[in-house]
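# Close look at the chain arrangement
Read off the chains here:
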Amino acid sequence: MHEREFDIAMQAARLAGKHLMQEYERFQVIADAPADITTDADRQAQEIILQTIRQAFPNDSLCAEEATSTLQDTAHTGNRLWIVDPIDGTRGFARKNGEFSVMIGFVQNGHIGVGIVFQPAVGRLTYAIRGQGCWRLDGDEGTAKRCQVTAVESLTKSTLTHSRSRDASKPSRWVEAIRPAKVVETYSAGIKLALVARGDVDIYLNTYEAFHDWDICAGHILVTEAGGQVTGTGGQELQYGLPGAWQRNGLLATNGRLHPATLSCIRTCAT
């Protein structure tokens, strides 16, 4: 199931990644790039992805971050829905630190069927098909390896990833409550979700009050297919394809074993 969708998603991700690296090589660094920065590269990569999908599945709905021509001519919700972020972590692209990813997700009848997170600057590919596990392919490796979340069961022994902070020496109240052994900061929610799926970290916490489907959809299925758990920060089931593509319940992705304890810490912070 979903093999054809996966093939098209992979083709689109690689085409977009190739284009992005051409742009990346000649891009002038923006050291103080703001969180909401967008670039011509975002829009160009999105058109590459959406046109590739549309050629294969002309009747499918499209949901994506940038207001490009292909998106404007297509329904944004439906039973077959593609959710795309052409550059997740545009600040990483603009600052040229490599921390950005191409994210493509496919949702059918409310269930994520395919997810791809491609990091072209470092050649890291993480992908999943519903019911077939999560897989990784790095650099020039010819054979994909199956991803598995960690078996860590103690928060104090865990590694947590979150977005880069203005001052890494001042942990947030969430980090102070969870008290992980290590914190990894990076741009791109896709990268952070892939880190959980790959077993490189144990927890990813996003406490933003509002973000969008394209920020997390592709990465969501990576974690669950690798044996982990993804919910809102209150334990809510996340839904995709709602009006405006809004996500308003935050995000917690863990190896599953740490999920109840992390939710408890979050609830403590909220009171």
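One can find the structure itself at the top, above this paragraph.
Residues numbered from 1 in each chain as written. Predicted model: local features only at pLDDT ≥ 70, side-chain atom pairs only at ≥ 80, totals over all residues. Heavy atoms only, no water.

### A closer look at the sheet that holds strand β12 (residues 229–231)
Read across the open sheet, the five strands follow the order β9-β8-β10-β14-β12; overall the sheet is mixed. In the strand order of this sheet, the two ends are held by β9 (182–185) and β12, each with one partner. Direction aside, neighbouring strands of the sheet carry axes that sit 15° apart on average. Of the pairings in the sheet, the one linking strand β8 (residues 159–162) to strand β10 (residues 203–206) comprises two bridges and is parallel in character. The residue of β10 that forms the bridge with leucine 160 is isoleucine 203. Contacts from helix α8 (residues 259–270) reach β10, β12 and β14 (251–254) within the one sheet, and its direction differs from that of β14 by about 150°. (Pairing = 2+ DSSP bridges. Helix = DSSP H or I, 4+ residues; strand = E, 2+ residues; numbered from the N terminus. Axes fitted to C-alpha atoms, helices over the stretch in contact; angles between N-to-C directions. Contact = heavy atoms within 4.5 Å.)

### Focus on the nonpolar core
Counting residues in hydrophobic clusters, the biggest one holds 36 residues, and the most contacted among them are Leu20, Ile49, Trp82, Phe93, Val102, Ile104 and Ile116. Secondary structure elements with two or more residues in this core: α1 (3–26), α2 (40–56), β1 (61–64), β2 (80–88), α4 (90–94), β3 (101–108), β4 (111–119) and β5 (124–129). With near-sequence residues (within four places) excluded, phenylalanine 93 lies in contact with Leu20, Glu23, Tyr24, Phe27, Ala41, Ile87 and Phe100. Grouped together as the second largest cluster of nonpolar side chains are 35 residues, Met103, Val117, Tyr204 and Leu251 included. (Core = buried A, V, L, I, M, F, W, Y, C linked by side-chain atoms within 4.5 Å. Buried < 20%, exposed > 50% of the residue type's maximum accessible area, 1.4 Å probe, protein only.)

### Digging into α2
Taking 1.5 Å as the rise per residue, α2 with 17 residues should run 24 Å; its terminal C-alpha atoms sit 25 Å apart, in good agreement. Every buried residue belonging to α2 is among Ala41, Asp42, Ala45, Gln46, Glu47, Ile49, Leu50, Thr52 and Ile53, and all of these are buried. Packed against the buried residues of α2 are α1, β1, α3 (69–72), β2, α4 and β3. (Expected span 1.5 Å × (residues − 1).)

### Overview of the environment of leucine 195
Looking at the secondary structure, you find leucine 195 in helix α6 (residues 189–198). Residues leucine 195 and valine 149, 46 residues apart in the sequence, show an inter-C-alpha distance of 8.9 Å. Excluding residues within four positions of it along the chain, leucine 195 makes contact with Arg124, Thr161, Thr186, Asp200 and Val201.

### Describing unusual backbone geometry
Its identity is not glycine, yet histidine 2 carries a phi of approximately 70°, on the positive side. Here histidine 2 shows up in the segment before α1. Judged by relative accessible area, which is 9%, histidine 2 ranks as buried. Non-glycine residue lysine 96 carries a positive phi angle of around 55°.

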